[in-house]
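Residues per chain are reported as follows:
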Amino acid sequence: MAAADVTVKYPDGTEHSATTDQNGEILFTQVPVGTLEVVNVTWMGRPIEPDPTSVDVDKSGTYYFTSTNVYLLTVVVKGARGQGLGPSTVTISPVEMEVVTDESGVVTVELPEGSYTIHVNYRGIEDEKSITLTGDMTEEFRLDVFATILGRPFRTAEFFGEVVLLPIVVAIIVYLVAYEYYAWRRRRVAVVPPPTPT
């Protein structure tokens with residue numbers, strides 16, 4: 001967990017605080033021999049429950065703690081036909097985390113236990129849900145995107161209206177124009193008087 005704020009109590013009773021680095025590690029120095037207690041851990045503004053909550057320090061060493069209330073949230077963004085929609089932007093509030101799905105419309109993030117609002121956006125087509133995270137979970141979003149053509153998402157009605165019906169309408173118009181021209185031409189030829197004999 002990167003950027004978690006951790007407070008520990010040294011065996012001599014003094015408290016020391018630090019923030020984890022990008023690898024989720026902290027270096028505490030000059031820790032006396034005895035029991036080191038984890039007093040408080042917060043991550044993304046939420047309390048984290050470490051396990052174990054204390055360790056016996058007898059020499060220099062590395063000690064590992066795990067969190068018991070941090071879970072994996074997988075967000076899946078699909079279209080009207082069940083196709084993955086990616087890359088989609090996923091915004092998670094109130095922690096203000098913004099991530100992007102892969103090409104298949106899937107992204108997985110670690111979050112502390114709590115309530116969140118998930119907002120997804122696929123090229124301007126959006127949806128939002130509220131969830132309560134109490135364990136690893138998958139949340140699926142179904143957006144009304146029938147197809148994406150040349151980077152433009154088409155909703156189901158748009159697809160059939162613009163992609164399927166438009167060529168039919170154009171063909172009918174071309175037919176009517178050609179027919180009217182043919183009819184006009186026939187009338188024009190019929191009106192021309194025959195040449196006069198000389």
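Bear in mind that the values here come from a model prediction, so they are computed numbers and not experimental data.

Student: Would you explain the environment of Gly61 in this entry?
Tutor: Along the polypeptide, Gly61 turns up in the loop between strand S6 (54-57) and strand S7 (66-67). In this structure Gly61 comes out as exposed when scored by relative accessible area, which is 52%. On a C-alpha basis, the gap between Gly61 and Gly45 in space is 29 Å, while along the polypeptide they are 16 residues apart.

Student: Teacher, can you tell me more about the sheet that holds strand S8 (residues 70-78) here?
Tutor: Whether parallel or antiparallel, the strands of a sheet pair through hydrogen bonds between backbone atoms. The three strands lie next to each other as S11-S8-S14, forming an open sheet whose pairing is mixed. Since the sheet does not close on itself, it has two edges, and those belong to strand S11 (106-112) and strand S14 (137-142), each with one partner. Taking each pair of neighbouring strands and ignoring which way they run, the sheet shows an average axis angle of 25°. Here S8 runs beside S14; their pairing, made up of six bridges, is parallel. When the bridges of S14 are listed, Thr74 appears paired with Thr138.

Student: What's the story with the pattern of salt bridges in this structure? I'm lost.
Tutor: Between side chains of opposite charge, a pair can form as their charged atoms come close. Tallying each qualifying case throughout the model produces three salt bridges. One salt bridge connects Glu140 with Arg142, and the closest N-O pair in it is separated by 3.4 Å. Residue class for Glu140 comes out partly exposed when judged on its relative accessible area of 34%. One salt-bridge network, held together by shared partners, links Lys78, Glu140 and Arg142.

Student: Would you explain the environment of Ser54 in this entry?
Tutor: Relative to the elements of secondary structure, Ser54 occurs in strand S6. Note: C-alpha distance between Ser54 and Pro112 (58 residues apart in sequence) is 21 Å. Setting aside chain neighbours within four positions, we find Ser54 in contact with Thr35, Leu36 and Glu37.

What counts, and where the lines are drawn
- Residues numbered from 1 in each chain as written.
- Predicted model: local features only at pLDDT ≥ 70, side-chain atom pairs only at ≥ 80, totals over all residues.
- Heavy atoms only, no water.
- Helix = DSSP H or I, 4+ residues; strand = E, 2+ residues; numbered from the N terminus.
- Buried < 20%, exposed > 50% of the residue type's maximum accessible area, 1.4 Å probe, protein only.
- Pairing = 2+ DSSP bridges.
- Axes fitted to C-alpha atoms, helices over the stretch in contact; angles between N-to-C directions.
- Salt bridge = Lys/Arg side-chain N within 4 Å of Asp/Glu carboxyl O.
- Contact = heavy atoms within 4.5 Å.

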